[in-house]
Amino acid sequence: MLQLSKTDFLQFSHCAKSLWLLKHKPALYEHGIFSDYLQKIVTEGYEIEAYLEAHLSLQSDADKYSYQTVFNTKEGLFAKADCTRKNEDGTINIYEVKSSTSVQMSGKKNQVKDATFQKIVAEGAGFKVKKIFIVHLNGQYVRDGAIDADQLLTFSDVTAEVDKLISDTRSEIDAALLLLESASIDESSCSCLALTKINHCDVFDYFNPTIPKHSIYNLPRMSKKKLFNFVATERFGLDEIALDEVTEKQAPVLRAAHLKAPVIDHEIISTWFSRVEYPIYFVDYETYASAAPIIDGARPHSPIPFQYSLHIKMSPDDEWLEHVEYLAEKATMPIELIEHMQKHIGDAGSVVSWHAAFENTQNKNMALMYPEKQKFLQGLIDRTMDLEDPFKEGYVDIQFQGSTSIKKVLPALVPELDYSGMKVASGTDAMEAWHRLVGLPDGPAKDELKASMLEYCKLDTLAMVRIFNFLEELNNRS
Ligand code: SF4
């Protein structure tokens, strides 16, 4: 008999077919972004559980609590409660740990539904559940020295909300058990065909193998109605769609697909370049955010910049390019980083970033933390230009697959520069690497990790310079 755990049940709630594939054909289940997201939630949960245990161990009734309590039922349900309390009347309380800063009661991340699953399984295993708590984080907590679990954790009693969901959740569990028993399902397609790319999970391609590489899912800002029409007429390839069927914003991607060549709007590119002022400062930040803050002064989940890379291009024919970098080696707030930037970024000239809203959000947050640096940081914001912008409609290549991410644009325009084989190759890797770095003693392991982190961030700004040069040359020729 296949078991149904809480994680399985959550996956079933998202999508029944994907759970069936995972359980019946695990070797064919490709784990990607969707699985990484679930893994991140699980890992953060473990961290908070440790604080809960530390907190409860100091209470007068500490001996009443157990951790990782397992419940099994004859019908194949399996649950592991983060914490349980044995009450004097023979009942138990269940404590579900979450890394969020409030209880989520609806939508895809409905935590009360998780708790309801736990209660149903615990009672199916013969326990009487008196109360259920969701233990989440206090979003106002500011770390000051060692984590104060008493201040960090918030206990929300969701017993009444859970009771309201029992009947619906029981029906859903029955449907999930029935699905697991099915030896086969229709694997020839899945319902996300009628949903935009952002809704597709890791196994969309498995269930829809005939969807061409350049498909309707590459069109930006797709409305439900338009997508529905294309799906209803079974037209998935961009070569099956006519120009008068798409919006102005979608047209460049479609034209690039039809032409099998880049679509260039010289006016858009030239307008963008008309605002560029030398010297140009290409800037990229890396930030760290965690459920339980690791830096004094930080709140749960607040992003703190810990690294930046800067390439400076003094003039159009500057091939030398000055490079400056900073990486905090201790878990500290970013005052040193700001002062380091102040030494290297002058008062005049454009500041160029990719998807600059991210860098500017950090600038705004840092200005709030350090009012004395507000003038400098506001100056950066005012001078910032987003290199992603010209790729929205000014230069569109079907090789970008409808995306304007630098990870898609770079390999098409500057194929000799790439991130493959790097030990730190994404923002998430950089975050994890920094968490390790600040805990390492000085020595070769720390030096090696530091070098990988610097190499990654440097490539981010070098990639921007090379893409900028490509576009500038194109602009000069037109
Ligand atoms: S892409 Fe298919 S398998 Fe994945 S969530 Fe959507 S419907 Fe389910």
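Residues numbered from 1 in each chain as written. Predicted model: local features only at pLDDT ≥ 70, side-chain atom pairs only at ≥ 80, totals over all residues. Heavy atoms only, no water.

### Observations regarding the overall build of the chain
Moving on, step 1. Looking only at helices and strands, one finds 17 helices and twelve strands in the chain.
Moving on, step 2. Principal axes of the C-alpha set define a box for the chain whose edges measure 80 × 60 × 40 Å.
Moving on, step 3. Scored against the burial criterion, the 478 residues of the chain give a buried share of 47%.
Moving on, step 4. Once the 50 positive and 70 negative side-chain charges of the chain are each reduced to a mean point, those two points are 4 Å apart. (Helix = DSSP H or I, 4+ residues; strand = E, 2+ residues; numbered from the N terminus. Buried < 20%, exposed > 50% of the residue type's maximum accessible area, 1.4 Å probe, protein only. Lys, Arg positive; Asp, Glu negative; His and termini not counted. Charge placed at Lys NZ, Arg CZ, Asp CG, Glu CD.)

### Here's the deal with helix H2 (residues 16-24)
Moving on, step 1. Taken residue by residue, H2 has Ser18, Leu19, Trp20 and Leu21 as its buried positions.
Moving on, step 2. Structurally, H2 contributes buried residues whose contacts are with helix H1 (6-14), helix H6 (159-181) and helix H7 (204-207). (Contact = heavy atoms within 4.5 Å.)

### Focus: the domain arrangement of the chain
Moving on, step 1. Taken domain by domain, the chain consists of domain 1 (6-181), domain 2 (191-255) and domain 3 (268-477).
Moving on, step 2. Taking only C-alpha atoms, the centre of domain 1 and the centre of domain 2 are 36 Å apart. (Domains from an automatic or database assignment.)

### Topic: the site of the ligand
Moving on, step 1. In the region of the ligand, the neighbouring residues are Cys15, Ser18, Cys190, Ser191, Cys192, Cys201, Val203, Phe204 and Phe207.
Moving on, step 2. Its residues assigned to classes, the shell around the ligand shows seven nonpolar, two polar and no charged. (Near = heavy atom within 4 Å. Nonpolar A, V, L, I, M, F, W, Y, C, P; charged D, E, K, R; others polar.)

### Some thoughts on the sheet that holds strand E9 (residues 322-327)
Moving on, step 1. Strand order in the open sheet formed by five strands is E9-E8-E7-E10-E11, and the pairing between neighbours is mixed. Each edge of the open sheet carries a strand with a single partner, namely E9 and strand E11 (384-386). Neighbour-to-neighbour, the strand axes of this sheet turn through a mean angle of 25°, independent of strand direction.
Moving on, step 2. Bridge analysis of strand E10 (residues 351-353) against E11 gives three bridges, and the strand direction is parallel. What sits directly across from Val351, in E11, is Thr384.
Moving on, step 3. Its contacts with the sheet put helix H12 (residues 356-369) on strand E7 (280-288), strand E8 (304-313), E10 and E11, and the angle it makes with E7 is roughly 70°. (Pairing = 2+ DSSP bridges. Axes fitted to C-alpha atoms, helices over the stretch in contact; angles between N-to-C directions.)

### A word on the sheet that holds strand E4 (residues 129-137)
Moving on, step 1. Sheet architecture is open: five strands sit in the order E1-E2-E3-E4-E5, paired in mixed fashion. Each edge of the sheet is formed by a strand with only one pairing partner; in this case those strands are strand E1 (65-72) and strand E5 (153-157). Neighbour-to-neighbour, the strand axes of this sheet turn through a mean angle of 40°, independent of strand direction.
Moving on, step 2. In this sheet, strand E2 (residues 78-86) lies alongside E1 in antiparallel orientation, the contact comprising seven bridges. Counterpart to Tyr65 in the pairing with E2 is Arg85.

### With respect to the packing of H1 against helix H4 (residues 111-124)
Moving on, step 1. The N-to-C vectors of H1 and H4 enclose an angle of 135°; their axes lie 10 Å apart at closest approach. In terms of their interaxial angle, H1 and H4 are classed as oblique. In the crossing of H1 with H4, the sense of the turn from one axis to the other is right-handed. Here Lys6, Phe9, Leu10 and Ser13 of H1 lie close against H4, whose contacting residues are Lys113, Asp114, Phe117 and Gln118.
Moving on, step 2. In the contact of H1 with H4, the residues fall into three nonpolar, two polar and three charged. (Parallel < 35°, antiparallel > 145°, perpendicular 65-115°, else oblique. Left-handed = near helix turned anticlockwise from the far one by under 90°.)

### Some words on the side chain of Glu49
Moving on, step 1. Summarising the element assignment, Glu49 is placed in helix H3 (residues 33-56).
Moving on, step 2. Separated by 2.4 Å, the side chains of Glu49 and Gln68 make a polar contact.
Moving on, step 3. Once residues within four sequence positions are removed from consideration, Glu49 is found in contact with Gln68, Asp82 and Val97. (Polar contact = N/O pair within 3.5 Å; in protein donor to acceptor, adjacent residues only side chain to side chain.)

### Some thoughts on the pairing of strand E3 (residues 92-97)
Moving on, step 1. Counting buried residues along E3, six of its six residues qualify, which places the element largely inside the surrounding structure.
Moving on, step 2. Of the two faces of E3, the one lined by Ile92, Ile94 and Glu96 and the one lined by Asn93, Tyr95 and Val97 are each fully buried.
Moving on, step 3. As consecutive antiparallel partners, E2 and E3 are separated by five residues, and within that stretch Gly90 has a phi angle of approximately 90°, a positive value.
Moving on, step 4. Taken together, E3, H4 and E4 constitute a β-α-β crossover, and its handedness is right-handed. (Right-handed = clockwise from strand over helix to strand, strands pointing away.)

### A short note on the packing of H1 against H2
Moving on, step 1. Packing of H1 against H2 leaves a shortest axis separation of 5 Å and a crossing angle of 135°. Our classification of the angle between H1 and H2 gives oblique. The residues of H2 that touch H1, namely those facing Asp8, Gln11 and Phe12, are Ala16, Ser18, Leu19, Leu22 and Lys23.
Moving on, step 2. For the contact of H1 with H2, the residue count by class is four nonpolar, two polar and two charged.

### Let's talk about the environment of Gly126
Moving on, step 1. Within the element layout of this structure, Gly126 appears in the loop between H4 and E4.
Moving on, step 2. Relative accessible area serves as the criterion here: at 67%, Gly126 is assigned to the exposed category.

### Side note on the pattern of salt bridges
Moving on, step 1. Evaluation of the coordinates by the stated rule reveals 24 salt bridges.
Moving on, step 2. Two residues, Asp8 and Lys23, come together in a salt bridge whose shortest N-O distance is 2.8 Å. One end of the pair, Asp8, is in helix H1; the other, Lys23, is in helix H2, with 15 residues separating them in the sequence.
Moving on, step 3. Judged by relative accessible area, Lys23 falls into the partly exposed class, the value being 23%.
Moving on, step 4. For Lys130, the salt bridge identified is with Asp89, shortest N-O distance 3.2 Å. Of the two residues, Lys130 is situated in strand E4 and Asp89 in the loop between E2 and E3; the sequence distance between them amounts to 41 residues.
Moving on, step 5. Overlapping salt bridges bring together Lys6, Glu96, Lys98 and Asp114 as one network. (Salt bridge = Lys/Arg side-chain N within 4 Å of Asp/Glu carboxyl O.)

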